[in-house]
Amino acid sequence: MIRREYSGTALWGRRKPHRAKNVQLANKEGRKLTVTLREYRHGDEESMIACIRDEYQETYFKRDFYSPEYLKEEAESGHITFLVAQTRAGEIAGMLILKEFAPEESMCEIASQIFRKKYRGYGLAMPFFEYGMEILSDRDYSAAYCLPVLFHDITQRLLYRLGLRATGFLLNVFDVEHITHSYQNGRNTKHSQGIQIRAVEKQDAKTVYVPAEHREFCRSIYKSLGVTYHMAEIQEECRENMPPVSGVSHVQNDWQSSLEIRVSSVGPDLRERIDALHKKYPLRGRQTANILLNISDSNAVWAYHSLSDMGYFFTGLKPLCSDREYMVLHHPGEVEIFMEDYVLTDEFRKLAEYTELCSMNRNEQKNFFVN
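Computed from a prediction, not measured in an experiment: that's the story for all the values here.

Peer 1: It is not clear to me how the overall build of the chain should be interpreted in this structure. Could you clarify?
Peer 2: A count of helices and strands for the chain gives eight helices and 16 strands. Taking the principal axes of the C-alpha coordinates as reference, the chain spans close to 65 × 40 × 35 Å. A fraction of 70% describes how many contacts in the chain between residues 6 or more apart in sequence connect residues 24 or more apart. Taken as a whole, the chain presents about 17,300 Å² of accessible surface, with 46% of it coming from carbon and sulfur. Each charge class in the chain was averaged separately, 48 positive and 52 negative side chains, and the resulting centres sit 5 Å apart.

In structure tokens, the structure reads:
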């Protein structure tokens with residue numbers, strides 16, 4: 001069961017279909033494959049679900065994707081653009097989605113690229129991503145956004161070639177006991193996701209408020225994105241023009257024991273609000289939490305240190321996805337993280353090394369208070 005708590009009405013609209021594209025491929029044995037990349041049509045639902053089942057059986061974390069009616073409704077709403085790769089014989093070899101988040105956010109997520117196993121090895125992933133980027137680039141999104149898995153680096157590598165850059169991690173999101181796939185998990189008991197971003201319409205992050213210890217690192221992220229920004233200097237204890245209450249929303253996924261908290265505005269009650277969520281969803285067993293902290297808020301530095309005192313540590317940025325810029329923080333609860341077991345590109349590996357240092361500093365601080 002997933003419990004969502006936020007407000008807002010979607011404003012997705014129907015668009016003119018993008019033209020189909022034929023692609024000719026070959027595997028290492030020289031066997032050829034011709035596929036047509038195109039947008040979803042009514043009647044594709046069962047074939048798309050077959051792709052999901054071929055890789056994940058009944059364990060794909062997007063549970064609604066097993067429902068033909070859900071796929072049809074989402075496609076008709078314009079919320080999700082479903083893309084398929086169809087063979088000459090008419091079989092759906094793979095699927096990909098472009099997902100919108102309006103009105104809460106203005107980026108487009110590239111997600112759910114899944115292939116039937118018998119069509120792997122032909123190099124279909126890259127032209128499929130290119131096709132998705134063609135469609136995305138024709139629309140008015142602030143950024144292209146992806147959450148690549150960390151048990152293989154295929155998506156990380158291919159999207160880097162398309163201009164997406166590593167900006168952060170959402171750690172310990174999915175319980176490995178509840179997801180079946182074709183890759184190795186290593187020692188981690190929960191799956192994590194990377195964050196990859198490419199600027200599209202939003203070329204200016206404006207003023208951001210970042211704690212002194214992470215300024216240089218955040219500068220390097222914005223530099224890699226090629227956007228302008230202003231990093232304000234502000235004291236840790238500074239609090240100015242705070243609203244009486246914080247803007248806090250959350251999504252708890254009971255099946256994956258994962259809590260995502262969004263802090264859109266910082267008020268003096270922030271710690272109290274987060275404590276209440278911890279009481280509701282105790283960080284025990286495999287329960288973990290990620291926080292998205294609005295660093296366009298001048299009180300973000302004070303909020304960061306308050307959250308650090310509660311056991312959260314920095315895991316990067318989620319930039320350019322709305323009119324607000326977000327920092328990502330993680331609390332692993334009782335879950336141990338084995339960063340060295342992730343399969344990462346060099347870019348993500350550097351980010352992981354920095355994140356690991358942040359985690360170690362958290363543990364040292366925790367031990368200091370305990371002792």
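From this point on, the discussion continues.
Peer 1: Teacher, can you tell me more about the nonpolar core here?
Peer 2: Leu293 and Phe314 are the most contacted members of the largest nonpolar core, which totals 87 residues. Contacts of Leu293, omitting those with residues within four sequence positions, involve Val263, Val266, Ala300, Ala303, Tyr304, Leu307, Glu325, Tyr326, Met327 and Leu329. If you look at the next biggest cluster of nonpolar residues, it comprises 32 residues, including Met126, Ile135, Leu136 and Leu158.

Peer 1: What's the story with the pattern of salt bridges in this structure? I'm lost.
Peer 2: A side chain with one charge may pair with a side chain of the opposite charge, provided their charged atoms come close. Across all of its chains, the model carries 18 salt bridges by this definition. Note that Glu91 is salt-bridged to Lys118, the shortest N-O span being 3.1 Å. Of the two residues, Glu91 is situated in the loop between β4 (80-87) and β5 (92-100) and Lys118 in the loop between β6 (108-115) and α3 (125-137); the sequence distance between them amounts to 27 residues. Take Lys118: its relative accessible area is 53%, and that puts it in the exposed class. One salt bridge in this structure joins Arg286 and Asp175, with 2.4 Å as the shortest N-O distance. Remark: Asp175 occurs in strand β8 (residues 165-175) and Arg286 occurs in the loop between α6 (270-280) and β14 (288-294); sequence separation between them is 111 residues. Classification of Arg286 by relative accessible area gives partly exposed; the value is 24%. Each of Glu91, Arg116 and Lys118 takes part in one network of salt bridges that share partners.

Peer 1: Looking at this model, I keep getting lost on helix α5 (residues 215-225). Mind explaining?
Peer 2: Think of an α-helix as 3.6 residues a turn; residues three or four steps apart then line up on the same face. Those residues of α5 not exposed but buried are Arg215, Phe217, Cys218, Ile221, Tyr222 and Leu225. Down the axis, α5 shows its buried residues gathered within 165° of arc, on one side only. Facing away from the buried side of α5 by over 90 degrees, the exposed positions are Glu216 and Lys223. Residue Gly226 follows α5 closely and has a positive phi angle near 70°.

Peer 1: Please clarify how the packing of helix α1 (residues 45-56) against helix α2 (residues 68-77) should be interpreted in this entry.
Peer 2: Helices that pack against each other are described as a pair by the angle of their axes relative to one another and the distance between those axes. For the pair α1 and α2, the least separation of the axes is 9 Å and the interaxial angle reads 115°. Our classification of the angle between α1 and α2 gives roughly perpendicular. Two packed elements cross with a definite hand, and for α1 against α2 that hand is right-handed. Facing α1, whose interface residues are Glu45, Glu46, Met48 and Ile49, α2 presents Pro68, Leu71 and Lys72. Classifying every residue of the contact of α1 with α2 by side-chain character gives four nonpolar, no polar and three charged.

Peer 1: Could you clarify how one ought to interpret the confidence of the model for the chain in this entry?
Peer 2: Atomic detail in the predicted coordinates should be set aside for any region of low pLDDT. For the chain, the average pLDDT comes to 92, and 93% of its residues sit at 70 or higher. pLDDT under 50 marks residues 367-371. Its contacts with residues more than four places away, or in other chains, come to zero contacts.

Peer 1: How should I be thinking about empty space enclosed by the protein in this particular structure?
Peer 2: Summary: where empty space remains is shown by rolling a probe the size of a single water molecule over the atoms. Summed over the entire model, instances satisfying the criterion amount to one cavity of 30 Å³ or more. Approximately 90 Å³ is the volume attributed to the largest cavity. Residues that form the lining of the largest cavity fall into these classes: four nonpolar, five polar and two charged.

Peer 1: Just to check I follow, could you spell out the environment of Phe128 for this structure?
Peer 2: Looking at the secondary structure, you find Phe128 in helix α3. Residues Phe128 and Cys218 lie 90 residues apart in sequence; the distance between their C-alpha atoms is 31 Å. Once residues lying within four places of it in the same chain are set aside, the contact partners of Phe128 are Leu37, Leu83, Val84, Ala85, Gly94, Met95, Leu96, Gln113 and Phe115.

Peer 1: Is there a simple way to explain the pairing of strand β7 (residues 143-146) in this structure?
Peer 2: A regular strand places its side chains on the two faces of the sheet in alternate fashion. Where burial is concerned, the two faces of β7 agree: the one with Ala143 and Tyr145 and the one with Ala144 and Cys146 are both buried. Relative to β7, β6 runs parallel, the two sharing two bridges. Opposite Glu109, over in β7, you have Tyr145 as the bridge partner. A crossover connection joins β6 to the parallel β7 through α3; in handedness this β-α-β unit is right-handed. Sheet topology note: the β7/strand β9 (residues 190-199) ladder contains four bridges and is antiparallel. By the bridge assignment, Tyr145 is partnered in β9 with Ile197.

Peer 1: Would you mind showing me how to read the packing of aromatic side chains here?
Peer 2: Between two aromatic rings, the relevant description is the distance of the centres plus the angle of the planes. Tallied over the full model, the rule gives 13 aromatic pairs. With a centroid separation of 4.3 Å and an interplanar angle of 35°, the aromatic rings of Phe61 and Phe174 are classed as tilted. Of this pair, Phe61 sits in the loop between α1 and α2 while Phe174 sits in strand β8, and the two are 113 residues apart along the sequence. The partly exposed category is assigned to Phe61, whose relative accessible area is 24%. According to the relative accessible area criterion, Phe174 is buried, its value standing at 9%. Consider the rings of Phe314 and Tyr354, whose centres lie 5.9 Å apart with planes at 85°: the pair is edge-to-face. Of the two residues, Phe314 is situated in strand β15 (residues 313-318) and Tyr354 in helix α8 (residues 346-370); the sequence distance between them amounts to 40 residues.

Conventions adopted
- By convention here, each chain's residues receive numbers from 1 onward along its written sequence.
- The model is predicted, so local features are restricted to residues of pLDDT at least 70 and side-chain atom pairs to those at 80 or more, both for listing and for counting; the totals for chains, interfaces and linings are taken over all residues.
- In computing side-chain properties, one takes all heavy atoms of the structure into account and sets aside hydrogens as well as water.
- To qualify as a helix, a DSSP run of H or I must reach at least 4 residues; to qualify as a strand, a run of E must reach at least 2; elements of each kind are numbered from the N terminus.
- The contact rule is simple, with two residues in contact once any of their heavy atoms fall within 4.5 Å.
- For accessible areas, the Shrake-Rupley method is used with a probe of radius 1.4 Å. Any residue's cover is judged against the shown protein chains and nothing else.
- Counting rule for charge: Lys and Arg are taken as positive, Asp and Glu as negative, and neither His nor the chain ends is counted.
- Note on charges: their place is set at NZ of Lys, CZ of Arg, CG of Asp or CD of Glu.
- Side-chain atoms within 4.5 Å link the members of a nonpolar core, which is a set of buried Ala, Val, Leu, Ile, Met, Phe, Trp, Tyr and Cys residues.
- Each residue is placed in one exposure class: buried if its accessible area under a 1.4 Å probe, protein chains only, is under 20% of its type's maximum, exposed if it is over 50%, and partly exposed if it falls in between.
- Within this document, salt bridges are pairs made up of a side-chain nitrogen of Lys or Arg and a carboxyl oxygen of Asp or Glu, the two lying within 4 Å of each other.
- The directions from the helix axis to the C-beta atoms form the arc being described.
- To define axes, lines are fitted to C-alpha atoms, for helices over the stretch in contact only, and angles between the resulting N-to-C directions are given on a 0 to 180 degree scale.
- For classification, angles of less than 35 degrees are called roughly parallel, those exceeding 145 degrees roughly antiparallel, those between 65 and 115 degrees roughly perpendicular, and all remaining angles oblique.
- Handedness of a crossing is defined here by the sense of rotation of the near helix relative to the far one, left-handed for an anticlockwise turn of less than a right angle and right-handed for a clockwise turn.
- Residues are grouped as follows: nonpolar covers Ala, Val, Leu, Ile, Met, Phe, Trp, Tyr, Cys and Pro; charged covers Asp, Glu, Lys and Arg; every other residue, Gly included, is treated as polar.
- pLDDT measures how confident the predictor is about each residue, on a scale from 0 to 100.
- Computed over the protein atoms alone on a 1 Å grid, cavities are sets of points where a 1.4 Å probe fits but cannot get out and pockets are open sets with protein on both sides within 12 Å along at least five of seven lines; a residue lines them when it has an atom within 4 Å of a point.
- Grid points are joined across faces, edges and corners, and a volume is the space filled by probe spheres set on the points.
- Note on pairing: two strands pair once DSSP finds at least 2 bridges between them.
- Look down the strands so they point away from you; if going from the first strand over the helix to the second traces a clockwise path, that crossover is right-handed.
- Classification of ring pairs uses Phe, Tyr and Trp, with its six-membered ring standing for Trp, and accepts pairs whose centres are within 6.5 Å; under 30 degrees between planes counts as stacked, over 60 as edge-to-face, and the remaining range as tilted.

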